[in-house]
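Breakdown of the fold
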Amino acid sequence: MPVDGVELATPAQAGVLNPANSPAVIKTLQRAVNLTLDNQVDAIVTAPVHKGVINEAGIPFTGHTEMLAELFGTANPVMMLVAKGLRVALATTHLPLREVPDAITDELLECVITTLHHDLVDKFAIAAPRIVVTGINPHAGEGGHLGSEEIDTIIPVLERLRGAGMNLTGPVPADTAFIPAALEGTDAVLTMYHDQGLPVLKRTGFGHAVNVTLGLPIVRTSVDHGTALELAGSGRADCGSLQSAIDLAAELAIRRQHRPT
Ligand SMILES: N[C@H](C(=O)O)[C@H](O)COP(=O)(O)O
């Protein structure tokens, strides 16, 4: 197995952040993208990055998800985490909570749901995916008394896409969306923002969950955890999620190779 490294500006020290090496992180990603564009690899699996130190180096960066989307020209990538028996996708990814409601426009939601539906069919081989969509407000807005985003945006988009043949339930209140009875027969839950969906998923499968980017022309998976600087170099880091990310990437890539053209 060839190792194709990117040179660091200064020698790395385990657990110590160094903005001087941030450009190497970006170059590594670009290298990986180029390898997929040259058809030399079938999937990209990423380890966590420290987003803050990349920004400290003056490089605007909110996550691999957004950067890969930009490099592949995908307008609205979808972040989905997968753990045993549960798939949780996010309508918005890495943005301040204050900006979330304004970000959830008709166009964004329609694009995210369409991508989720499409990739569940195409990448996960689920013929007719059943997707549960949460509201954004408590009680999914309580008929407009606890917020209007459901009435103004989410319900009309769901109705439109149901008309296009998608199996969508919602908007359901997020607080009960994950109880086992509500999840029965569900292939994926679409939540509106990062910390609405991911705590539930990570409570269920942390250490073995996998982050999959939907909407890209390639397979990309990643781990479910951050950089854990306090564990770096200690020998105590758990590679379970990385192993799961590699396994899932291989499974998805093999399925793509064998799908009928
Ligand atoms: N939001 C993800 C998580 O909490 O697991 C992670 O930060 C993803 O980041 P990337 O877009 O860099 O994969």
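Quick notes on the rules
Residues numbered from 1 in each chain as written. Predicted model: local features only at pLDDT ≥ 70, side-chain atom pairs only at ≥ 80, totals over all residues. Heavy atoms only, no water. Core = buried A, V, L, I, M, F, W, Y, C linked by side-chain atoms within 4.5 Å. Buried < 20%, exposed > 50% of the residue type's maximum accessible area, 1.4 Å probe, protein only. Helix = DSSP H or I, 4+ residues; strand = E, 2+ residues; numbered from the N terminus. Contact = heavy atoms within 4.5 Å. Patch = residues over 30% accessible without salt bridge, like charges linked within 9 Å, V, L, I, M, F, W, Y side chains within 5 Å. Areas by Shrake-Rupley, 256 points an atom, 1.4 Å probe, with all protein chains shown as cover. Salt bridge = Lys/Arg side-chain N within 4 Å of Asp/Glu carboxyl O. Near = heavy atom within 4 Å. Polar contact = N/O pair within 3.5 Å; in protein donor to acceptor, adjacent residues only side chain to side chain. Nonpolar A, V, L, I, M, F, W, Y, C, P; charged D, E, K, R; others polar. Pairing = 2+ DSSP bridges. Axes fitted to C-alpha atoms, helices over the stretch in contact; angles between N-to-C directions.

**Digging into the nonpolar core**
L109, I113, L116, F124, L190 and M192 are the most contacted members of the largest nonpolar core, which totals 35 residues. When contributions to this core are tallied by element, the ones reaching two or more residues are β2 (78–83), α5 (106–122), β4 (130–134), α6 (149–163), β6 (188–191), β7 (210–214) and α9 (240–258). In terms of residues, this core owes the most to one element, α5, which gives six residues. When sequence neighbours within four positions are dropped, the list of residues in contact with L190 reads A89, L90, A91, L109, V112, I113, L116, I131, V132, V133 and T134. Ranked by size, the runner-up nonpolar core spans 15 residues in total, among them V88, V132, A177 and L201.

**Re a nonpolar patch on the surface**
Together, V45, L242 and I246 make up an exposed nonpolar region whose accessible area comes to about 200 Å². If you trace the backbone, V45 turns up in strand β1 (residues 43–46).

**Some thoughts on the environment of V200**
Within the secondary structure layout, V200 lies in helix α8 (residues 194–205). A residue is classified by how much of its surface remains accessible, and V200, at 27% relative accessible area, is partly exposed.

**A short note on the pattern of salt bridges**
Applying the stated criterion across every chain yields a total of six salt bridges. R31 is paired through a salt bridge with D4; the nearest N and O atoms lie 2.6 Å apart. Taken as a pair, R31 in helix α1 (residues 22–37) and D4 in the segment before α1 lie far apart in primary sequence, 27 residues in all. Relative accessible area serves as the criterion here: at 47%, D4 is assigned to the partly exposed category.

**Description of the site of the ligand**
Contacts to the ligand come from K51, G63, H64, T65, M79, H94, H194, L198, K202, N211, R220 and D224. H64 has a polar side-chain atom sitting 2.8 Å from an oxygen atom of the ligand. Protein coverage of the free-state accessible area of the ligand, which is 350 Å², stands at 89%. Sorting the residues of the shell around the ligand by element identifies α3 (64–72) and α8 as the ones contributing at least two each. Residues belonging to the shell around the ligand are distributed by class as follows: two nonpolar, six polar and four charged.

**Quick notes on the sheet that holds strand β3 (residues 86–90)**
Here we have eight strands laid out as an open sheet, ordered β1-β8-β7-β2-β3-β6-β4-β5, and mixed in their pairing. Sheet topology places β1 and β5 (167–172) at the edges, where each strand pairs with a single neighbour. Here the average twist between neighbouring strands, direction ignored, is 25 degrees. Across four bridges, β1 lies against strand β8 (residues 219–222) in parallel orientation. Paired with A43 across the two strands is V219, which belongs to β8. Docked against the sheet, α8 engages β2, β3, β4 and β6, running at close to 160 degrees with respect to β3.

**Quick look at the pairing of β7**
The buried fraction of β7 amounts to five of the five residues, a majority that puts the element mostly inside the structure. Here β7 shows no split at all, with V210, V212 and L214 on one side and N211 and T213 on the other all buried. Examined bridge by bridge, β2 and β7 share five bridges and lie antiparallel to one another. What sits directly across from M79, in β7, is T213. Two strands pair when backbone bridges link them, and β7 and β8 are joined in this way by two bridges, in the antiparallel orientation. Within the sheet, the bridge partner assigned to N211 lies in β8 and is S222. In this antiparallel pair of consecutive strands, β7 and β8, the connection spans four residues, and G215 shows a positive phi of 95 degrees.

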